[in-house]
Amino acid sequence: MNALLKIYELLYKRYGSQYWWPGESCFEIILGAILTQNTNWQNVEKAIANLKAANLMDQHRLYGLLPEQLAELIRPAGYYNMKAVRIKNFLNWLFETHDGSLESAGQMDTHSLRAALLGIKGIGPETADSITLYAFNKPVFVVDTYTARVMTRHRHIEPGAGYEALQELFTSALPADYKLFNEYHALLVRVGKDFCRKTARCPGCPLEELPHDTDMQDY
Ligand code: SF4
């Protein structure tokens, strides 16, 4: 078994399925991916609750809203003016290129969809990949700080590796299976929160039996 599948196996054995991404619809997952930038999930949930209470969890209804009205509703998520513009940018793209249809956007091939999302102002690689994977069920691996930390400490990549290099580490070693990518990223977040924090807490970690470098405490 390759080393990355071994990590997955150990994490899954300990934690089981993480049922990501939390969200009742494709559109809710997209909004969550934009709203979660630079904030915690509890704040995102409050912003999403506001949108649901206003009956605005729908791309057609949200498209008609002024940015300042949207900003007020998503205020709990922080950076609300900026995030309102980013959501509007996404909606503009959706309506200009797919007539507002998420189903039509979802018919794009993985590479084209990811590239189109990256072309939207304010949508960076992690957000674009989260949307591609979790909202549209397409196999791109989402990379974040937890991924970098675990992979660096387990000597699978050099410290300071960039987003694309980290992503390539997974996509070159794993089958292009969106369900596997979905679960793997969620499990890395889980172990990152529980054990692989800024200062590693290796005793009891599901990956403790694998070779790792505990001197890299400050990654
Ligand atoms: S806490 Fe230690 S054993 Fe667990 S993932 Fe991080 S470096 Fe590996």
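Residues numbered from 1 in each chain as written. Predicted model: local features only at pLDDT ≥ 70, side-chain atom pairs only at ≥ 80, totals over all residues. Heavy atoms only, no water.

K.L.:
Outline the packing of aromatic side chains, listing residues and values.
P.N.:
Taken as a whole and judged by the stated rule, the model has 12 aromatic pairs. Judged by centre distance (5.2 Å) and plane angle (50°), the ring pair of tyrosine 8 and tyrosine 184 falls under tilted. Here tyrosine 184 lies in helix α12 (residues 178-194) and tyrosine 8 lies in helix α1 (residues 3-15), a separation of 176 residues in the sequence. Owing to a relative accessible area of 17%, tyrosine 8 belongs among the buried residues under this scheme. Given a relative accessible area of 0%, tyrosine 184 falls into the buried group. Between the aromatic rings of phenylalanine 170 and tyrosine 184, the centroid separation amounts to 5.3 Å while the plane-to-plane angle is 90°, which identifies the pairing as edge-to-face. Here the residue phenylalanine 170 occupies a position in helix α11 (residues 163-171), and tyrosine 184 occupies one in helix α12, the gap between them amounting to 14 residues. Tyrosine 184 carries the same exposure label as phenylalanine 170, and that label is buried. Among the aromatic residues, those joined into a ring-pair cluster are Tyr8, Tyr12, Phe141, Phe170, Phe181 and Tyr184. (Phe/Tyr/Trp six-rings, centres within 6.5 Å; stacked < 30°, edge-to-face > 60°. Helix = DSSP H or I, 4+ residues; strand = E, 2+ residues; numbered from the N terminus. Buried < 20%, exposed > 50% of the residue type's maximum accessible area, 1.4 Å probe, protein only.)

K.L.:
So what's going on with the site of the ligand? Which residues, and what values?
P.N.:
Near the ligand you find Arg153, His154, Phe195, Cys196, Arg201, Cys202, Cys205, Leu207, Glu208 and His212, and these make up its full shell. Across the shell around the ligand, the residue classes tally to 5 nonpolar, 2 polar and 3 charged. (Near = heavy atom within 4 Å. Nonpolar A, V, L, I, M, F, W, Y, C, P; charged D, E, K, R; others polar.)

K.L.:
Describe the environment of alanine 128, with residues and values.
P.N.:
Within the element layout of this structure, alanine 128 appears in helix α9 (residues 125-135). Its relative accessible area of 0% is what places alanine 128 among the buried residues. When the C-alpha atoms of alanine 128 and arginine 114 are compared, they prove to be 6.1 Å apart, with 14 residues separating the residues in sequence. Setting aside chain neighbours within four positions, we find alanine 128 in contact with Arg114, Leu117, Leu118 and Ile123. (Contact = heavy atoms within 4.5 Å.)

K.L.:
Mind laying out unusual backbone geometry, listing which residues take part and the relevant values?
P.N.:
Put simply, tryptophan 20 and tryptophan 21 share a cis peptide bond, and its omega is -5°. When you line up the elements, tryptophan 21 lands in the loop between α1 and α2 (26-35). Despite not being glycine, asparagine 55 has its phi angle at roughly 55°, a positive value. Within the secondary structure, asparagine 55 is located in the loop between α3 (41-53) and α4 (59-63).

K.L.:
Residue-level account of the nonpolar core, with values.
P.N.:
One finds Leu62, Phe90, Met151 and Tyr184 to be the most contacted residues of the largest nonpolar core, which totals 72 residues. Not counting the four nearest positions on each side in its chain, methionine 151 is found in contact with Leu4, Ile7, His156, Ile157, Leu166, Leu169, Phe170, Tyr184 and Leu188. (Core = buried A, V, L, I, M, F, W, Y, C linked by side-chain atoms within 4.5 Å.)

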